[in-house]
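# Structural overview
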Amino acid sequence: MIPVRCFTCGKVVGNKWEPYQQSLKNGCSVNEALDSLGLARSCCRGMLMTHIDLTDDQMDYDPKPKERHNPGPKPEPKPKPQPQVSGLKRDKPDN
Ligand SMILES: [Zn+2]
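### Side note on the overall build of the protein chain
- Across its full length, the protein chain carries five helices and zero strands.
- Looking at the 95 residues of the protein chain, the share that counts as buried comes to 18%.
- About 8600 Å² of surface is accessible on the protein chain, with carbon and sulfur atoms providing 54% of the total.

Below is the structure:
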């Protein structure tokens, strides 16, 4: 998730991440993509060039990913193990 503003100059760069990625997918060079987005300063250009989007990686650490992403039917609860009933009944423990 890219920061909304450039840390150095304060220009809004948060809305440029998606178009930047799309330009790179379409075969533009990094320089062309940044120029087309109107990012002239090196600080803002660096914000996009050096950003690594870790959002998908963070999803691996979601505590309940299956419930959120794939609700599905709940698994049936396992039957409780029944205590073994033997013929002998002990009231007192052996000494
Ligand atoms: Zn900047």
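### Details of the packing of aromatic side chains
- Counted under the stated rule, the structure contains one aromatic pair.
- With a centroid separation of 6.0 Å and an interplanar angle of 40°, the aromatic rings of tryptophan 17 and tyrosine 20 are classed as tilted. Separated by three residues within a single helix, tryptophan 17 and tyrosine 20 lie in helix α1 (residues 17-25), roughly one turn from each other.
- Residue classification places tryptophan 17 among the buried positions, given a relative accessible area of 10%.

### What to know about the coordination of the zinc ion
- Those donors, Cys6 (SG), Cys9 (SG), Cys43 (SG) and Cys44 (SG), are the protein atoms that reach the zinc ion, and they lie 2.2 to 2.3 Å from it.
- Geometry at the zinc ion is tetrahedral, judged from the four donor atoms that bind it and their angles of 94 to 116° at the metal.
- The sequence pattern formed by the donor residues of the zinc ion is C-x2-C-x33-C-C.
- On the accessibility criterion, cysteine 43 (21% relative accessible area) is partly exposed.
- Exposure remark for cysteine 44: the relative accessible area of 1% places this residue in the buried category.

### Side note on the pattern of salt bridges
- For the structure on display, the rule yields one salt bridge.
- A salt bridge links aspartate 35 to arginine 45, with the nearest nitrogen and oxygen atoms 2.8 Å apart. Here aspartate 35, found in helix α2 (residues 30-36), pairs with arginine 45, found in helix α3 (residues 42-49); they are ten residues apart in sequence, far enough to count as distant.
- By relative accessible area, arginine 45 is classed as buried at 13%.

### Overview of a negative patch on the surface
- Where like charges cluster on the molecular surface, the negative patch consists of Glu18, Asp53, Asp56, Asp57 and Asp60.
- Aspartate 56 gets classed as exposed once you look at its relative accessible area, which sits at 63%.

### Some words on the nonpolar core
- Within the largest apolar cluster, twelve residues are counted, these being Ile2, Cys6, Val13, Trp17, Tyr20, Ala33, Leu34, Leu37, Leu39, Cys44, Met47 and Leu48.
- Put simply, the parts of the chain that give this core at least two residues each are α1, α2 and α3.
- Excluding its chain neighbours within four sequence positions, the residues that come into contact with leucine 37 are Lys16, Pro19, Tyr20 and Leu48.

### Thoughts on the side chain of serine 23
- Checked against the element boundaries, serine 23 lands in helix α1.
- Residue classification places serine 23 among the buried positions, given a relative accessible area of 14%.
- Residues in contact with serine 23, not counting those within four places in the same chain, are Cys28, Ala33 and Ser36.

Conventions we followed
- Residue numbers restart at each chain and count upward from 1, following the sequence in its written direction.
- In view of the model being predicted, local features appear only for residues whose pLDDT reaches at least 70, and side-chain atom pairs are presented and counted only at 80 or more, with totals across whole chains, interfaces and linings using the full set of residues.
- Hydrogens and waters are ignored; side-chain quantities use all the structure's heavy atoms.
- Counting from the N terminus, the helices are DSSP H or I runs at least four residues long and the strands are E runs at least two residues long.
- Each residue is assigned to one of three classes by its accessible area relative to the maximum for its type, calculated with a 1.4 Å probe on protein chains only: buried under 20%, partly exposed between the two thresholds, exposed over 50%.
- Where accessible areas are quoted, they stem from the Shrake-Rupley method and a 1.4 Å probe; at the residue level, only the protein chains shown are allowed to cover.
- Pairing of aromatic rings covers Phe, Tyr and the six-membered ring of Trp, with a centre-to-centre limit of 6.5 Å; geometry is then stacked below 30 degrees between planes, edge-to-face above 60, and tilted otherwise.
- Water is absent from the atoms considered, so a metal site may look incomplete; donors are defined as N, O and S atoms within 2.8 Å of the metal, or 3.2 Å for Na, K and Ca.
- When four donors show all angles between 85 and 135 degrees the site is tetrahedral, when four or six donors have opposite pairs over 155 degrees and all other angles between 65 and 115 it is square planar or octahedral respectively, and in every other case it is irregular.
- We define a salt bridge as a side-chain nitrogen of Lys or Arg found within 4 Å of a carboxyl oxygen belonging to Asp or Glu.
- Distance thresholds for patches are 9 Å for like charges and 5 Å for nonpolar side chains (Val, Leu, Ile, Met, Phe, Trp, Tyr), applied to residues having over 30% relative accessible area and no salt bridge.
- Counted as positive: Lys and Arg. Counted as negative: Asp and Glu. His and the chain ends are not counted at all.
- Where a charge lies is defined by one atom per residue type, namely NZ (Lys), CZ (Arg), CG (Asp) and CD (Glu).
- Buried Ala, Val, Leu, Ile, Met, Phe, Trp, Tyr and Cys residues that are joined via side-chain atoms within 4.5 Å together make up what is termed a nonpolar core.
- Should any heavy atoms of two residues lie within 4.5 Å, those residues are considered in contact.

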